[in-house]
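The primary structure of each chain is shown beneath.
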Amino acid sequence: MTTHRRSFLQSIAALASVSALGGLEGCEQLPSRQISGSTSAGKPGLPTEKLADRVTLITGAPGNVVALSSDDGFVLVDSGSSSLARSVRKSLAGAKVRTLFNTHYHAEQTGGNELFGRQGAEIHAHEITRQWLATDYYVPAEDRWVKALPKAAWPTKTFRDKGEMKVGEESIEYGYLLEAHTRGDIYVFFRDSNVLAVGDVASPSRDPALDWYAGGWLGGRVDALEDLIALANDQTKIVPAFGPVMTRAQLKVESEMMHHLYDRTTELTDHGRSAQDMLDAGVLNEVKRKFDDPLRFLYDVCKGNWAHYTNFGGNIV
Ligand SMILES: [Zn+2]
């Protein structure tokens, strides 16, 4: 099943482009993406937590930013929101950022791109993330357009599959997580420090978000979580976009929940059932997780299922 789902998705992903994607309904509201020195000037640095000798977690940006130190400057995973980017920089004591990875295109992960990009950071991301950031797009849930970011904020090094680099003593591996939350999600694995940044593909504290308008869906999420579990070991520190650092065991719990929800909701979608039907059928009562907005989550699940119905049956009645 997984293999079929994945091979189908890969063929679709190869064809994907921004014009085909059309718009966004992201995991979060998108604030203005312009950097504003006046609103962020004077803000203190953000809380930090040491994850390994070379790796520090910056929290409250408003999500998590992972920073690897090297003699040649920092490697960051995600840049925070535009209003908090200067606070992220302060947390680095003003040191240079040589490399910035974007786990996906959402504003809370890419709002600092312009700040760090203008200061010379090389920005690495999936090609589809670059397309989102470089293009005006429509947000259907809010009936508005979001302007493309300035060119300085665009990823300068893009990829479609996976890659690795060596920074000082650290081997860094990164790769695609197909349609897990958007259509451009990646993980970044600091192999020697054993810290794995996974963006919004894991969601220990917030409702798991499926940006269906940008290609995310439950089937992609299930596959991606399996990939991440295979990368990690029992000592790996797994950093989601929001919430506390996770263990592999905790990621497995989330993965099992998603597997169950995938099986149940695709069966119901196959029978033409709506998000409200799924809620009424008690699907979310079958998992331990408590959802802040159960109907919203199921709505996004349904949208994603409908967009991928040929992956799990293809004969909806
Ligand atoms: Zn997101």
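Residues numbered from 1 in each chain as written. Predicted model: local features only at pLDDT ≥ 70, side-chain atom pairs only at ≥ 80, totals over all residues. Heavy atoms only, no water.

> How should I be thinking about the overall build of the chain in this particular structure?
Across its full length, the chain holds 11 helices and 14 strands. The buried share of the chain, reckoned over its 317 residues, is 55%. Restricting the contact set of the chain to residue pairs at least 6 apart, pairs at least 24 apart contribute 67%. (Helix = DSSP H or I, 4+ residues; strand = E, 2+ residues; numbered from the N terminus. Buried < 20%, exposed > 50% of the residue type's maximum accessible area, 1.4 Å probe, protein only. Contact = heavy atoms within 4.5 Å.)

> How should I be thinking about the side chain of R221 in this particular structure?
With respect to the secondary-structure elements, R221 resides in helix α8 (residues 218-231). An unpaired buried charge is present at R221: no salt bridge exists, and E254, the closest side chain of opposite charge, is 4.1 Å distant. A polar atom in the side chain of R221 sits 3.2 Å from the backbone oxygen of A209. (Lys, Arg positive; Asp, Glu negative; His and termini not counted. Salt bridge = Lys/Arg side-chain N within 4 Å of Asp/Glu carboxyl O. Polar contact = N/O pair within 3.5 Å; in protein donor to acceptor, adjacent residues only side chain to side chain.)

> When you look at the environment of K303 in this model, what are you seeing that I'm missing?
Examined against the element boundaries, K303 turns out to sit in helix α11 (residues 294-307). Spatially, the C-alpha atom of K303 lies 6.3 Å from that of W212, the residues being 91 residues apart in sequence.

> Sorry if this is basic, but what is going on with the packing of aromatic side chains here?
Given two aromatic rings, one states the distance between the centres and the angle between the planes to describe the pair. Under the defined criterion, the tally for this structure stands at 11 aromatic pairs. Seen in terms of ring centroids, Y105 and Y137 are 5.8 Å apart; in terms of plane orientation they differ by 90 degrees. Their pairing is edge-to-face. On the criterion of sequence distance, the pair formed by Y105 in the loop between β5 (97-101) and α5 (107-110) and Y137 in strand β7 (residues 137-139) is long-range, its members being 32 residues apart. Under the relative-accessibility criterion, Y137 is labelled buried at 1%. Their ring planes at 65 degrees and their centres at 5.9 Å tell us that W217 and Y262 sit as a pair that is edge-to-face. Separated by 45 residues along the polypeptide, W217 in the loop between β13 (195-199) and α8 and Y262 in helix α9 (residues 248-270) bring together distant segments of the chain. Taken together, the aromatic side chains of F101, F159 and Y174 make up a single cluster linked through ring pairs. (Phe/Tyr/Trp six-rings, centres within 6.5 Å; stacked < 30°, edge-to-face > 60°.)

> So what exactly am I meant to see when it comes to the environment of R98 here?
Relative to the assigned elements, R98 resides in strand β5. Exposure remark for R98: the relative accessible area of 23% places this residue in the partly exposed category. Taking the C-alpha atoms as reference, R98 lies 5.3 Å from G73; in sequence the two are 25 residues apart. When residues no more than four places from it in sequence are discounted, the contact partners of R98 are S70, D72, G73, F74, V75, G120, A121, E122 and V167. A polar contact is formed between the side chain of R98 and the side chain of T99, at a distance of 3.2 Å.

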